[in-house]
Amino acid sequence: MSSEPQGAPDSAPEHGAAEPTLARGWRAVGKGADSVHTEGEPVTDPPAATADDDDSEAKSFAGDEVVHDDQPVEAGNGALLGIGILAGVYLLYVIGWFIGGNRLDVVGDLLLANGPIYTIVKWTAIAAPAVWFAVVFVLTLRSRTWVRFAWLIAGVVLLVPWPFVINWESALMGGVQ
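Residues numbered from 1 in each chain as written. Predicted model: local features only at pLDDT ≥ 70, side-chain atom pairs only at ≥ 80, totals over all residues. Heavy atoms only, no water.

Trainee: Tell me about the nonpolar core, and please be specific about residues and values.
Mentor: If you look at the biggest cluster of nonpolar residues, it comprises twelve residues: Ala-79, Ile-83, Leu-86, Tyr-90, Tyr-93, Phe-133, Val-136, Phe-149, Leu-152, Val-156, Leu-159 and Val-160. Those elements that place two or more of their residues in this core are helix H1 (77-103), helix H3 (115-139) and helix H4 (145-158). Among the elements that take part in this core, H1 stands out by supplying five residues, more than any other. Contacts of Leu-152, omitting those with residues within four sequence positions, involve Leu-86, Tyr-90, Trp-132, Phe-133 and Val-136. (Core = buried A, V, L, I, M, F, W, Y, C linked by side-chain atoms within 4.5 Å. Buried < 20%, exposed > 50% of the residue type's maximum accessible area, 1.4 Å probe, protein only. Helix = DSSP H or I, 4+ residues; strand = E, 2+ residues; numbered from the N terminus. Contact = heavy atoms within 4.5 Å.)

Trainee: Can you break down H3 residue by residue, with the values?
Mentor: An ideal rise of 1.5 Å per residue puts 36 Å on 25 residues; H3 measures up with 35 Å between its terminal C-alpha atoms. Taken as a whole, H3 carries its principal kink of about 40° at Ala-128; the proline Pro-129 stands between one and four residues after it. Among all positions of H3, only Tyr-118, Lys-122, Ala-125, Ile-126, Pro-129, Phe-133 and Val-136 are buried. (Expected span 1.5 Å × (residues − 1). Bend = angle between axes of the 7 residues up to and from the residue.)

Trainee: Please provide a residue-by-residue account of the packing of H1 against H4, values included.
Mentor: Closest axis-to-axis distance for the H1/H4 pair is 11 Å, and the angle between their directions is 20°. By the angle between their directions, the pair H1 and H4 is classed as roughly parallel. H4 is crossed by H1, and the crossing has left-handed handedness. Judged by residue contacts, Ala-79, Gly-82, Ile-83, Leu-86, Val-89, Tyr-90 and Tyr-93 of H1 engage Thr-145, Arg-148, Phe-149, Trp-151, Leu-152, Ile-153, Gly-155 and Val-156 from H4. (Axes fitted to C-alpha atoms, helices over the stretch in contact; angles between N-to-C directions. Parallel < 35°, antiparallel > 145°, perpendicular 65-115°, else oblique. Left-handed = near helix turned anticlockwise from the far one by under 90°.)

Trainee: An account of the environment of Glu-74 is requested, with residue identities and associated values reported.
Mentor: One can find Glu-74 in the loop between strand S4 (65-68) and H1. Assessed through its relative accessible area of 76%, Glu-74 is described here as exposed. Separated by 68 residues in the primary sequence, Glu-74 and Arg-142 place their C-alpha atoms 9.3 Å from one another.

Trainee: Residue-level account of the environment of Gly-101, with values.
Mentor: By the element assignment, Gly-101 lies in helix H1. The exposure class assigned to Gly-101 is buried, which follows from its relative accessible area of 7%. Separated by 24 residues in the primary sequence, Gly-101 and Ala-125 have C-alpha atoms spaced 8.1 Å apart. Filtering out sequence-adjacent residues up to four positions away, Gly-101 remains in contact with Tyr-118 and Lys-122.

Trainee: Requested: an account of the packing of aromatic side chains, with residues and values cited.
Mentor: As enumerated under the stated definition, the model contains four aromatic pairs in all. Ring geometry for Phe-98 versus Trp-123: centroids 5.9 Å apart, planes at 50°, classification tilted. Of this pair, Phe-98 sits in helix H1 while Trp-123 sits in helix H3, and the two are 25 residues apart along the sequence. Under the relative-accessibility criterion, Phe-98 is labelled partly exposed at 36%. Taken together, the aromatic side chains of Tyr-90, Tyr-93, Phe-133 and Phe-137 make up a single cluster linked through ring pairs. Over the ring of Phe-137 we find Arg-148, and its NZ or CZ is 4.5 Å from the ring centre. (Phe/Tyr/Trp six-rings, centres within 6.5 Å; stacked < 30°, edge-to-face > 60°. Lys NZ or Arg CZ within 6 Å of the ring centre and 35° of its normal.)

Below is the structure:
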């Protein structure tokens, strides 16, 4: 039986044990961080801004890679999950406008007195949620995440498929389903 307590670290590394290494892009911190080697180039802190920097070459640091302002900002896991949920809501809105628009065919023909005009308006309303999502997604690629979510949530509020939600058909038929 040995005199050392169980679980105590050996003072010398085991024979054949390799030195600890980190993958590129990671930085060791804390006690013993100096002895950890990084594969490839080590992560460096961003350089301090100087008065000679001009705005045309504005740069920001993300990890160890220099990101230029003309490149899209990568979204985190929470942002990707939120965008996926909002994309599902927009898809449901497209389906809701399709169902609601088809329920209002008779009323649309009576109000607009011309079938083709109602058809154009109906298909524009059906496409509006998908177009809104695509335009917001493309135009906010280089914006902060909260800006993208603000515009997407504004679209969720503005593009509610009211004909589907209110069920105009039953209201026009006197409540008969």
